[in-house]
Number of protein chains: 2
Amino acid sequence: MLDRPQGDVALLRAFNRLYTNQLGLLDAHLDGSRFTLSEARILYELAHREDPTAADIARTLNMDRAQISRTLKRFADRGLLETRDDPGHGRQQLLSLTPTGRAAFADLDVRAQEAIGALLDRVSARQRQRLIGAASVMMQAFDGGDEPASVTLRGLRPGDLGLVAARQMMLYAEEYGWDQGYEALVSRILADFHDQFDPARDAAWIADIDGEMAGSIFLVHGDDPAVAKLRLLYVESFARGAGVGRLLVETCIAHARRLGYRRLTLWTNSVLAAARHIYERAGFVLVDEAPHHSFGHDLIGQNWSLDL
Amino acid sequence: MLDRPQGDVALLRAFNRLYTNQLGLLDAHLDGSRFTLSEARILYELAHREDPTAADIARTLNMDRAQISRTLKRFADRGLLETRDDPGHGRQQLLSLTPTGRAAFADLDVRAQEAIGALLDRVSARQRQRLIGAASVMMQAFDGGDEPASVTLRGLRPGDLGLVAARQMMLYAEEYGWDQGYEALVSRILADFHDQFDPARDAAWIADIDGEMAGSIFLVHGDDPAVAKLRLLYVESFARGAGVGRLLVETCIAHARRLGYRRLTLWTNSVLAAARHIYERAGFVLVDEAPHHSFGHDLIGQNWSLDL
DNA sequence: TCACGATGTTGATTGAGTCAACAATGACGA
DNA sequence: TCGTCATTGTTGACTCAATCAACATCGTGA
């Protein structure tokens, strides 16, 4: 079993209960419709598939074949459904809605749309926006939960400067208790980076996982044209262990070589163990270290260097 | 009917289908349990309430009284439930679980917990984190959807400096096409604000709606001890029309008076019409304006002033 | 060819969901 | 104080949901 917070299960169960109470009734038996929830789900599958078989529907809806069989018979009796033998398979039957069946589904579809619409109209515009966003995130998590998240690197976009400062601050505030002095420092570094940006000497990458910022790294020029600085490396906690840090550092090193730098230096703090391992593995060597008091703590600053 | 995007309804319906297909089966009839979904829901209510009546449960679960009555009778037959007459009400009966009933619920609870846990273990740590966050947002939207969002003002927390820069940048990039020069400017202003902060001369407020940042304002000292600057006012688009901007400006003005300032000045750009209205209503007067080229656009900067 | 699995159907049983009716009780206004 | 009215709990009746078991067919692959 993975390391999973206790509250997660409780929260999802609470959500499940609320959802069942609030929306369960919504799809079940839309007022005035002649279809029950199960019937409506089967009808939906019939309307959205090309010649399905009864077994297909049973599988996708997780229903018993017996129930499907009886429901289909009722549909056929009502003139909603017609069946024809599968030319390639003697046992199976291909199902398709009659025009009457399609009309019945269209009617049901409009009713469902109106019901959901009425529900959405009850909440404020802001809550609706959040609701829709959250629903799509949950769908993603369920649907694409199996595939490993794919990491891509991209350049800076509006909002990234502030987000890098904010995320790093929140991370280090939570893990090490650093105060807002760190955020101010990062903000100034980022402002300087932008104002003195030179594409021949500087670069920045944001690690992106499914549109979400997962980490960052900056390559910054200094006084010595042969020496560049690596700055502001960080990896989001959710993205750790996926090689994001290593990818960022290696990309940065490769680009520094391309730009003709001879040496890459960086300053970090001894408490940032995860980052240190990445630096070591990339070939950086510790040059010197010195204690300092910053961000509300006694820290040991370290200078690392890599000959390119 | 409100102005509501078409896709919202479709997305929520898609979510509803996915959720019904994926999780509907989960709470229904946990393997090996002797309770159906409806029974489990009723049992949950019995376990989490103090002496409920049958009508109470029927209301919260949106179930028919007849069904509740029969289910309760089955529970009583199985020895899970005991009833006693309400001393203050001759018709109603107070329900409570027997020790057997509590044990049965505890068993069911553990099974449900394991089932949800197994589901959560199937998705990656990152997806799980997003899933949980999204679920809690959806619960909030459903639960507190009726009450108007309550705006509160708070001081700065770790991450706020960066978030203010990021959110303002994204807003103005989208609405006016401003480039990242604005974000760099804001970042520097915020770094300076932190480094030169003096509680007797400076202050900052974040507008908060349900834990989300909805706007900000900063009061900053200058060279002249009698004159303070109002800086970085902004309101999130979702929070507009709720008086957030006015609240921020009035709070800032009141605090400037308390600190003994004689005058409040601010610099803004003519395109920011919404902000200008707030300033005018608060009594600010336009002192002068001058064109400048910043953030990738030709703008007209304005200085406003208010005598306190 | 033959065992095996998948498909569709039917019987049987329990619970869900709904509607209607009814008796007992409490609340409230005329 | 009485009568009206809503609420509460129960029961009957009916249809559909959900399972389980059994069975006849059909296709596939060893």
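What counts and what doesn't
Here the residue numbering is sequential within each chain, running from 1 through the sequence in written order. Here chains are named by letter from A upward and ligands by number from 1 upward, in the order in which they appear as written. Local features in this predicted model are restricted to residues whose pLDDT is 70 or higher, and side-chain atom pairs enter the listing and the counts only when it is 80 or higher, whereas totals over whole chains, interfaces and linings include all residues. The side-chain figures draw on all heavy atoms in the structure; neither hydrogens nor water molecules are used. All copies are superposed by least squares; the fitting set is the C-alpha atoms of residues with a pLDDT of at least 70 in both. Any two residues having at least one pair of non-hydrogen atoms within 4.5 Å are treated as being in contact. Secondary structure elements are defined from DSSP: runs of H or I of at least 4 residues count as helices, runs of E of at least 2 residues count as strands, and each element is numbered from the N terminus. Criterion for a salt bridge: a side-chain nitrogen of Lys or Arg within 4 Å of a carboxyl oxygen of Asp or Glu. When accessible area is computed with a 1.4 Å probe and restricted to protein chains, residues below 20% of their type maximum are described as buried, those above 50% as exposed, and intermediate ones as partly exposed. By the convention used here, strands pair only if DSSP detects at least 2 bridges between them. Working convention: axes come from line fits to C-alpha atoms, limited for helices to the stretch in contact. Angles between N-to-C directions cover 0 to 180 degrees. To estimate the expected span of a helix, count its residues, drop one, and scale the result by 1.5 Å. Working definition: the arc comes from the directions between the helix axis and the C-beta atoms, pointing outward to the latter. UniProt positions are given in the numbering used here, feature names are shortened, and annotations may be inferred rather than shown by experiment. Whenever two N or O atoms come within 3.5 Å, that pair is a polar contact, provided that in protein one can donate a hydrogen and the other can accept it, and provided that, for residues adjacent in sequence, both atoms are side-chain atoms. Note on terms: buried area is the combined drop in 1.4 Å-probe accessible area of two parts once they are placed together, counting the loss on both. Each residue is assigned to one of three groups, with Ala, Val, Leu, Ile, Met, Phe, Trp, Tyr, Cys and Pro labelled nonpolar, Asp, Glu, Lys and Arg labelled charged, and all others, Gly among them, labelled polar.

A separate point is the relation of the copies chain B and chain A. Of the transformation superimposing chain B on chain A, the axial component is 0.6 Å and the angular component is 179°, with the fit at an RMSD of 1.4 Å. The superposition of one copy onto the other is thereby described by a two-fold rotation axis. Proximity to the rotation axis, assessed at the C-alpha, singles out A134 of chain B in chain B; its C-alpha lies 1.5 Å from the axis. When you check the interface residues of chain B against chain A, 99% turn up at the interface there too, and the contact is symmetric in its surfaces.

This brings us to unusual backbone geometry. Backbone phi values are negative for most residues with the exception of glycine, while trans is the configuration of most peptide bonds. Residue and element names in this part refer to chain A. Its identity as a non-glycine residue notwithstanding, D51 has a phi of 45°, on the positive side. Examined against the element boundaries, D51 turns out to sit in the loop between α2 (37-47) and α3 (54-61). Phi is positive for F295, close to 55°, though the residue is something other than glycine. Among the secondary structure elements, F295 is positioned in the loop between β8 (285-294) and β9 (297-307).

What follows concerns the pattern of salt bridges. Counted according to the given criterion, the structure contains 34 salt bridges over all chains. Ionic pairing is found between D8 of chain A and R128 of chain B, a salt bridge with its closest N-O pair at 3.7 Å. Taken together, the residues span two chains, with D8 of chain A in helix α1 (residues 6-27) and R128 of chain B in helix α6 (residues 125-143). The exposure classification of D8 of chain A matches that of R128 of chain B, with both residues buried. Where R84 of chain B meets D51 of chain B, a salt bridge forms, and the shortest distance between an N and an O atom there is 2.7 Å. Within this pair, whereas R84 of chain B is found in strand β1 (residues 81-86), its partner D51 of chain B is found in the loop between α2 (37-47) and α3 (54-61), the two being separated by 33 residues in sequence. For R84 of chain B, a relative accessible area of 39% gives the class partly exposed. Given a relative accessible area of 29%, D51 of chain B falls into the partly exposed group. What emerges from the salt-bridge pattern is a single network uniting E39, R74 and R78 of chain A.

For the rest of this paragraph, the subject is the sheet that holds strand β7 (residues 263-269) of chain B. All names here are of chain B. Within the open sheet, the seven strands sit side by side as β3-β4-β5-β6-β7-β9-β8. Their pairing is mixed. The open sheet has two edge strands, β3 (151-154) and β8 (285-294), and neither has a second partner. For this sheet, the mean inter-axis angle between neighbouring strands, taken without regard to orientation, is 20°. Of the strand pairs in this sheet, β3 and strand β4 (residues 203-209) are connected by four bridges, and their pairing is antiparallel. Of the residues in β4, the one forming a bridge with V151 is I209. Against the sheet, helix α7 (residues 160-176) makes contact with β3, β4, β5 (212-221), β6 (227-235) and β9 (297-307), and its axis sits at roughly 65° relative to β6, the strand it touches most.

Take helix α9 (residues 244-258) of chain A next. In an α-helix there are 3.6 residues to a turn, and that puts residues three or four apart on one side. Residue and element names in this part refer to chain A. Compared with an ideal rise of 1.5 Å per residue, which puts 15 residues at 21 Å, α9 spans 21 Å between its outermost C-alpha atoms and is within 8% of the ideal. Among the residues of α9, V244, G245, L248, V249, C252, I253, H255 and A256 are the ones counted as buried. One side of α9 carries all its buried residues, which in axial view fall inside an arc of 165°. Positive phi appears at G260, one or two residues downstream of α9, with a value of about 90°.

Annotation from UniProt places "domain: N-acetyltransferase" (unreviewed entry) at residues 151-308 of chain A. Between the end C-alpha atoms of residues 151-308 of chain A there is a gap of 26 Å, over a span that is 36% helix and 37% strand.

Residue and element names in this part refer to chain B. Counted at 1.5 Å a residue, the expected span for helix α4 (residues 65-77) with its 13 residues is 18 Å, and the 18 Å between its end C-alpha atoms agrees. Within the sequence span of α4, burial applies to I68, T71, L72 and F75. Axial view of α4: buried residues confined to an arc of 100°, hence all on one face. In α4, the exposed residues that point more than 90 degrees away from the buried face are R70, K73 and D77. The N-capping residue of α4, defined by a side-chain oxygen 2.7 Å from the backbone nitrogen of A66, is D64. Looking one or two residues beyond α4, the residue adopting positive phi is G79, at roughly 80°.

Before going further, it helps to examine the environment of L119 of chain A. Residues and elements named next belong to chain A. With respect to the helices and strands, the residue L119 is situated in helix α5 (residues 99-122). Given a relative accessible area of 6%, L119 falls into the buried group. With 115 residues separating them in the primary sequence, L119 and Y234 have C-alpha atoms 42 Å apart.

To continue, consider the interface of chain B and chain A. The interface is formed by 86 residues belonging to chain B together with 86 residues belonging to chain A. A combined buried area of about 8300 Å² lies between chain B and chain A, and 61% of that area is made up of carbon and sulfur atoms. Seen at the junction of chain B and chain A, the total is ten salt bridges. Scanning the region where chain B abuts chain A turns up 24 residue pairs in polar contact (both at pLDDT 80 or more). Those elements that provide at least two residues to the side of chain B that touches chain A are α1 (6-27), α2, α3, α5 (99-122), α6, α7 and α8 (181-195) of chain B. Split into classes, the residues belonging to the side of chain B that touches chain A amount to 42 nonpolar, 21 polar and 23 charged.

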